[in-house]
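These are the residues of each chain, in order.
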Amino acid sequence: MCPQQTADTTNTDRVAAVMAGSNEATVSIELLRTGSVSIDRALAYEEATNHPMPETGWFRPAEKREWVPVSAYLLEHPTGVVLVDTGWHRDVRTDERGHLGRLLGSMHETSLPAGEAVDERLAARDLAPEELMAVVITHLHPDHVSGLDHVREAPRVLVSEPELAAVGGRFS
């Protein structure tokens, strides 16, 4: 299980910015902590090793693993609210390997405390998925799209053409 967080218990940060050319409309960017994942350090830091596939974590000591946050972002602008990425699906709480599949489930351990799923984060802000202007997916890794089902009522989901092409256009 993920070690207890010692920092801000809300797991969110908020930044306000002024968009150029928007008559100084304020854009608020809020970091939403949507769980965490235990990965092998080789995945994040391209560690030099003789291991043929160190990023898998297979046959590597526990001290080579670390917990990293999984995040989504809520962008609030006067013209609407946009969610960027979706974090983990609630299924990882009870059936991690079933949700991720045998291969990914054997490489990573996930943590999604109560209240951190993207729909739970939105509900805590009195925001329903259908009220979002759009959901933007940065790329199609599981820690970015796993929770997409929780916001399926959003009017639009935007994914780049290269990302869709990388999965053969099969994304539902």
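A. Layout of the pattern of salt bridges. Applying the stated criterion across every chain yields a total of 9 salt bridges. Between Arg125 and Glu30 there is a salt bridge, with its nearest N and O atoms 2.7 Å apart. Placement of the pair is Arg125 in the loop between α4 (118-124) and β6 (134-137) and Glu30 in strand β2 (residues 26-40), with a sequence separation of 95 residues. Taking the relative accessible area as the measure of exposure, Arg125 reaches 27% and is therefore partly exposed. One salt bridge in this structure joins Asp119 and Arg90, with 2.2 Å as the shortest N-O distance. Highlighted residues: Asp119 in helix α4 and Arg90 in the loop between β4 (80-84) and α2 (96-100), separated in sequence by 29 residues. Among the ionic contacts, a cluster of salt bridges with common partners joins Asp40, Glu47, Arg60 and Lys64.

B. Main features of a negative patch on the surface. On the surface, a cluster of negative charge is made up of Asp126, Glu130, Glu131 and Glu153. Here Asp126 shows up in the loop between α4 and β6.

Calculation notes
- Residues numbered from 1 in each chain as written.
- Predicted model: local features only at pLDDT ≥ 70, side-chain atom pairs only at ≥ 80, totals over all residues.
- Heavy atoms only, no water.
- Salt bridge = Lys/Arg side-chain N within 4 Å of Asp/Glu carboxyl O.
- Helix = DSSP H or I, 4+ residues; strand = E, 2+ residues; numbered from the N terminus.
- Buried < 20%, exposed > 50% of the residue type's maximum accessible area, 1.4 Å probe, protein only.
- Patch = residues over 30% accessible without salt bridge, like charges linked within 9 Å, V, L, I, M, F, W, Y side chains within 5 Å.
- Areas by Shrake-Rupley, 256 points an atom, 1.4 Å probe, with all protein chains shown as cover.
- Lys, Arg positive; Asp, Glu negative; His and termini not counted.
- Charge placed at Lys NZ, Arg CZ, Asp CG, Glu CD.

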